[in-house]
Amino acid sequence: MKRSRATTFISALAEQRIRRVLTRPEIRLGTAELVRRMQAANGETCSRQMAYFAIGQGERSGLLQAERVGGRKSYALAPGWRR
């Protein structure tokens, strides 16, 4: 998969929420599963909307690598990504 150039900034809070769930680059989760786990890991401080927003920021900033299979996306941490 080609790696696109980062186009946006990701907030520290959004990065923290994603990294609580995706701890290693080998972990690959679908969008719905990633949102569900983000909500569970972050308690009542993370709504579905916040989780989707964090995923969008992560993808645009290069923190997350997206792989499309059919009509679904799965996400994993980009190896070597730094703020």
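Residues numbered from 1 in each chain as written. Predicted model: local features only at pLDDT ≥ 70, side-chain atom pairs only at ≥ 80, totals over all residues. Heavy atoms only, no water.

**Things to note about the overall build of the protein**
Logical step 1: Along the protein, the regular secondary structure elements total three helices and three strands.
Logical step 2: Tracing the protein from N to C terminus, the helices and strands come up as α-β-α-α-β-β.
Logical step 3: Computed over its C-alpha atoms, the radius of gyration of the protein comes to 12 Å, within 12% of the 12 Å expected for a compact globule of 83 residues.
Logical step 4: Taken along the three principal axes of its C-alpha coordinates, the protein extends 35 × 30 × 20 Å.
Logical step 5: Here the protein holds 83 residues, and the buried ones make up 37% of them.
Logical step 6: Looking at the protein as shown, the accessible area adds up to about 5,500 Å², and 51% of this sits on carbon and sulfur atoms.
Logical step 7: When the 17 positive and 6 negative side-chain charges of the protein are each reduced to one mean point, those points stand 5 Å apart. (Helix = DSSP H or I, 4+ residues; strand = E, 2+ residues; numbered from the N terminus. Rg over C-alpha atoms; globule rule 2.2 N^0.38 Å. Buried < 20%, exposed > 50% of the residue type's maximum accessible area, 1.4 Å probe, protein only. Areas by Shrake-Rupley, 256 points an atom, 1.4 Å probe, with all protein chains shown as cover. Lys, Arg positive; Asp, Glu negative; His and termini not counted. Charge placed at Lys NZ, Arg CZ, Asp CG, Glu CD.)

**A few points about the pattern of salt bridges**
Logical step 1: Enumeration over the complete set of coordinates arrives at six salt bridges.
Logical step 2: One salt bridge in this structure joins E15 and R19, with 2.9 Å as the shortest N-O distance. With E15 and R19 both in helix α1 (residues 12–21) and four residues apart, this pair spans about one turn of that helix.
Logical step 3: Given the relative accessible area of 12%, E15 is considered buried.
Logical step 4: Ionic pairing is found between E33 and R36, a salt bridge with its closest N-O pair at 2.5 Å. Here E33 and its partner R36 are both found in helix α2 (residues 31–42), three residues apart, which amounts to about one turn of the helix.
Logical step 5: One salt-bridge network, held together by shared partners, links E33, R36 and R37. (Salt bridge = Lys/Arg side-chain N within 4 Å of Asp/Glu carboxyl O.)

**So, α2**
Logical step 1: For α2, built from 12 residues, the straight-helix expectation of 16 Å at 1.5 Å per residue is met to within 8% by its first-to-last C-alpha distance of 16 Å.
Logical step 2: Of all the positions in α2, only L34, V35, M38 and N42 are classed as buried. Buried residues of α2, viewed axially, fall in a sector of 100 degrees; they line one side. In α2, the exposed positions that point more than 90 degrees away from the buried face belong to A32 and A40.
Logical step 3: Lining the buried residues of α2 we find α1, β1 (29–30), α3 (48–61) and β3 (72–77).
Logical step 4: Where α2 terminates, the next one or two residues include G43, which has phi positive at roughly 65 degrees. (Expected span 1.5 Å × (residues − 1). Arc of directions from axis to C-beta. Contact = heavy atoms within 4.5 Å.)

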